Amino acid sequence: MAVGRTNFRESLALLFRARFPILYIESFEEPRVLAEIRSVAADSNLMRTVRPVYIWSGTRGFISLDGSVKKETTDPKAAVEWALRQDGAGVFVMLDLHAYLGDDRRPADPQLVRGLRDVASAFQSGSAARVLIVVAPLLRIPDELEKDVTLVDFPMPNEKEIRNVLDQMIEANSSADSRIRIEVDSVGKERLAKAALGLTLNEATNAFARAMVDDGVLSNDDVHVIMDEKKQIVRKAGLLEFVDVNLDLGDVGGLQNLKRWLAKRNNSWLDEAADYGIPAPKGVLMTGIPGCGKSLTAKAIAAAWELPLLRLDIGKIFAGLVGSSEQNMRSAIRTAEAAAPCVLWLDEIEKGFSGVSGDGGDGGTSSRVFGSFLTWMQEKTAPVFVIATANKVDRLPPEFLRKGRFDEIFFVDLPTSQERREIWSLHLSKRLKKSKAGALEVGEGLLAGLTDASEGYAGAEIEQAVVASLFDAYADRRSLVSDDLYRAVRNMVPLSVTQAEEIAAVRHWAAERAVAATALEDLSGYSSPPVAETAALPEVAPQPPHPEPSLSRGGRLVDF
């Protein structure tokens, strides 16, 4: 894990004083790294003796602090030999050396490797305080040098550094003759700076500039522009998927208890929340019946909070060579933290970690990857809000469910009468608004009839009933009528019938282990008549009645 900037300087000074001979700093931000190295080397409070800094590149060779170029040092082997011949104290920084250290397709130059091993021996045992630092955007260490090289984590820009860049850009564009209008307040500046966490200073500068020139105004609403820049980080990493969403919590029918819980935690990653002593929320586990809105809620949370939504496909983690799965998980976690504050979504997590019990025949890989993920969830400090969904929560190991991994476990049950009415209203208004199927009057009478007719139906099944009715109307090239909707309901066998036993089992599990996502007021007056005894539909031919589903509610009843 990367340390903070102040700790990086202290750690680097400690490694200098302890005579660590070769350090490797992986970073794309050469200017920031070089500035930190020079600062440490010249700081008499951190170092017993001030050390000169020499910078090497493949185009110019070694250059000293006064700008003088050391002749015939552009070749990396010659450069290493030159550093080895220097008797006095010094810090030798090599910028492009990783290109000569080999990769999966070609080995490292053996003479260069030998030279670096000589440097390691001489710098460690010599009287002069010398250190060689490799600064590279990629990590490439030959096996022969593994014991001689020390990795040093370099942190991404912190909020203060990004805020300084933003303030400088605002000041530069605040003159009366500027074409850019600045309409951002202090809270907006904080949100923009926090949204840019995980970007390099150059990337953050580009993002702020894009926000300014997009419409000629920098405002609080320009957070979405920063999110677009963060998409680049996710796409380049390849292990996470950046999910675009165009909805909010209002597009999710029902689940008022869960919505209120989430609303109270909005903006909890801001400094204002920290002043209350509030830590950033860890996340939620949503379990329950398939098709009742768990995945839709995950998308809506990110949109409502104006945070990027990253989806982690566990299948991509378990791929490649032996040992790569663990590395993939660490890389995915680093990518998520780089994009923080963000929402990390793991859909149907019980399927992804099905081999955790040890009988998956993968040599324990699943258990190790799962352990790494659990440890990160317990210890993480970055504002990454984890949303995990599971249909069969009994397949998850108990250590995944204990307090400290998630803030709360919610059970999403079949929608109540009030929730079904909201779902019908949402889908009908959305579909008919874009449809040429005629202007069906969606009044209270129709909604009440459909609500009663769809007792025991999941939200996804209600949506499909609307779609099926539109297909009926389209096939006849006519307007949609209420008969189409009732017929679609009658012709569908809901999940509460086909998987009645499984639903009863998961409700029994959730009764004391999870909190009901449905609000108490939506349960008032709730009844559970069998589907066959729902409201009479005289306009539709009688259909064979469905068996009576088990509709006792699941989840502990609390009120947020």
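Predicted, not measured: the structure shown is a model, and the values here were computed from it.

K.L.:
Give a detailed account of the pattern of salt bridges, specifying residues and quantitative values.
P.N.:
Opposite charge on two side chains permits pairing when their charged atoms draw close. Within the structure shown, the criterion is met by 18 salt bridges. The shortest N-O distance in the salt bridge between Arg117 and Asp148 comes to 3.5 Å. Taken as a pair, Arg117 in helix α4 (residues 110-125) and Asp148 in the loop between β5 (130-136) and β6 (149-152) lie far apart in primary sequence, 31 residues in all. Given the relative accessible area of 36%, Arg117 is considered partly exposed. Asp148 sits in the partly exposed class, given a relative accessible area of 21%. One network of salt bridges, in which partners are shared, links Asp476, Arg478, Asp484 and Arg487.

K.L.:
Outline the sheet that holds strand β15 (residues 515-516), supporting the account with residue identities and numerical values.
P.N.:
Read from one edge of the open sheet, 7 strands run β9-β11-β12-β13-β10-β14-β15, paired in mixed fashion. Of all strands in the sheet, those bounded by a partner on one side alone are β9 (240-243) and β15. Sheet topology note: the strand β11 (residues 309-312)/strand β12 (residues 342-346) ladder contains 3 bridges and is parallel. Note that in β12 the partner of Arg311 across the bridge is Trp345.

K.L.:
Break down unusual backbone geometry for me, citing the residues and quoting the values.
P.N.:
The phi torsion at Glu306 lies on the positive side, around 55 degrees, for a residue other than glycine. In this structure, Arg477 takes a positive phi of about 50 degrees despite not being glycine. Topologically, Arg477 is positioned in the loop between α19 (459-475) and α20 (482-491).

K.L.:
For the side chain of Asn257, give the residues involved together with the corresponding values.
P.N.:
Its place among the elements puts Asn257 in helix α9 (residues 256-263). Overall, the relative accessible area of 0% leaves Asn257 in the buried class. In terms of polar contacts, Asn257 uses its side chain to reach the backbone carbonyl oxygen of Ala516, at 3.1 Å.

K.L.:
Give me the pairing of strand β13 (residues 384-390): which residues, what numbers.
P.N.:
Of all 7 residues in β13, 7 are buried; the element is thus mostly enclosed. As paired strands, strand β10 (residues 283-288) and β13 are joined by 5 bridges and run parallel to one another. Directly across from Met286, in β13, lies its bridge partner Thr389. Bridge count between β12 and β13: 5 bridges; the pairing is parallel. Note on β13: the bridge partner recorded for Cys342 is Val384.

K.L.:
Just give me the short version of helix α15 (residues 365-379), but keep the residues and values in it.
P.N.:
Look at α15: 21 Å from first C-alpha to last across 15 residues, which is about the 21 Å you get at 1.5 Å a residue. For α15, the set of buried residues is Thr365, Ser366, Val369, Phe370, Phe373, Leu374, Trp376 and Met377. An end-on view of α15 places all buried positions within 165 degrees of arc, on one side of the element.

Cut-offs applied
- Residues numbered from 1 in each chain as written.
- Predicted model: local features only at pLDDT ≥ 70, side-chain atom pairs only at ≥ 80, totals over all residues.
- Heavy atoms only, no water.
- Salt bridge = Lys/Arg side-chain N within 4 Å of Asp/Glu carboxyl O.
- Helix = DSSP H or I, 4+ residues; strand = E, 2+ residues; numbered from the N terminus.
- Buried < 20%, exposed > 50% of the residue type's maximum accessible area, 1.4 Å probe, protein only.
- Pairing = 2+ DSSP bridges.
- Polar contact = N/O pair within 3.5 Å; in protein donor to acceptor, adjacent residues only side chain to side chain.
- Expected span 1.5 Å × (residues − 1).
- Arc of directions from axis to C-beta.

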